[in-house]
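Chain by chain, the residues:
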Amino acid sequence: MERKIKPKVFAIDVGESRLVATKMEINNNTVKEADTREFKYNEEGLKELIKFLEGYEEGIMEATGVYFYHVYNVLRDKGLKVNVINPVQTVEVLGKKTDKNDSIRLAIAYAAGTVKGSYQREKCKN
């Protein structure tokens, strides 16, 4: 069974003080364009993240403690479809975590359908 590759996705690695986001376009099973940037985890950083993700509608992020709640809610409020994955599943599928590359590896795995997000409510409560 052939998986359908998502052509345009984003992934976010959430930490206590920073966010690492990758946006990626895939064409003919090849990464056509990828851009990874780091943002401070504050209101200004979230505004920059929203601007960075313009043109993207769907992505994934890890459920990192309580830190992902606010990011999730902000992205959902902007109309983005955000899937949340348990970090344990990320390690099981992708192997050892390395902060620098987590968002890139997560974007590729999500686009390929290797990882899927968990159910999420309309809003997360922290």
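Fair warning: this is a prediction, and the values are worked out from it, not measured in the lab.

Draft legend 1. Quick peek at the pairing of strand β3 (residues 30-40). Relative to β3, strand β2 (residues 18-27) runs antiparallel, the two sharing 10 bridges. The residue bridging Met24 from the neighbouring strand is Ala34, located in β3. From the end of β2 to the start of β3, which pair antiparallel, there are 2 residues, and Asn28 there has a positive phi angle of about 50°.

Draft legend 2. Spatial organisation of the packing of aromatic side chains. Applying the stated criterion to the full structure yields 2 aromatic pairs. With a centroid separation of 5.5 Å and 55° between ring planes, the pair formed by Phe39 and Phe52 is classed as tilted. Of this pair, Phe39 sits in strand β3 while Phe52 sits in helix α1 (residues 43-52), placing them 13 residues apart in sequence. Overall, Phe39 belongs to the buried group, its relative accessible area being 6%. Their ring planes at 40° and their centres at 4.6 Å tell us that Phe68 and Tyr69 sit as a pair that is tilted. Over the ring of Tyr56 we find Lys8; its NZ or CZ atom is 4.9 Å from the centre of that ring.

Draft legend 3. Structural context of α1. Considered for burial, the residues of α1 that qualify are Gly45, Leu46, Leu49, Ile50 and Phe52. Each buried residue of α1 sits inside an arc of 160° when the element is viewed along its axis, so together they form one side. The outward face of α1, more than 90 degrees from its buried face, is lined by the exposed residues Lys47 and Lys51. At the N-terminal boundary of α1, the capping side chain belongs to Asn42, with an oxygen 3.2 Å from the backbone nitrogen of Glu44.

Draft legend 4. Summary view of the pattern of salt bridges. Enumeration over the complete set of coordinates arrives at 5 salt bridges. One salt bridge in this structure joins Arg18 and Glu38, with 2.9 Å as the shortest N-O distance. Taken together, the positions of Arg18 in strand β2 and Glu38 in strand β3 put the pair 20 residues apart, joining distant regions of the chain. Arg18 sits in the partly exposed class, given a relative accessible area of 27%. Residue classification places Glu38 among the exposed positions, given a relative accessible area of 53%. Arg37 is the partner of Asp35 in a salt bridge, and the nearest nitrogen-oxygen pair spans 3.0 Å. Each of Lys6, Glu58 and Lys81 takes part in salt bridges that share partners, so that together they form one network.

So, how was this worked out
- Residues numbered from 1 in each chain as written.
- Predicted model: local features only at pLDDT ≥ 70, side-chain atom pairs only at ≥ 80, totals over all residues.
- Heavy atoms only, no water.
- Pairing = 2+ DSSP bridges.
- Helix = DSSP H or I, 4+ residues; strand = E, 2+ residues; numbered from the N terminus.
- Phe/Tyr/Trp six-rings, centres within 6.5 Å; stacked < 30°, edge-to-face > 60°.
- Buried < 20%, exposed > 50% of the residue type's maximum accessible area, 1.4 Å probe, protein only.
- Lys NZ or Arg CZ within 6 Å of the ring centre and 35° of its normal.
- Arc of directions from axis to C-beta.
- Polar contact = N/O pair within 3.5 Å; in protein donor to acceptor, adjacent residues only side chain to side chain.
- Salt bridge = Lys/Arg side-chain N within 4 Å of Asp/Glu carboxyl O.

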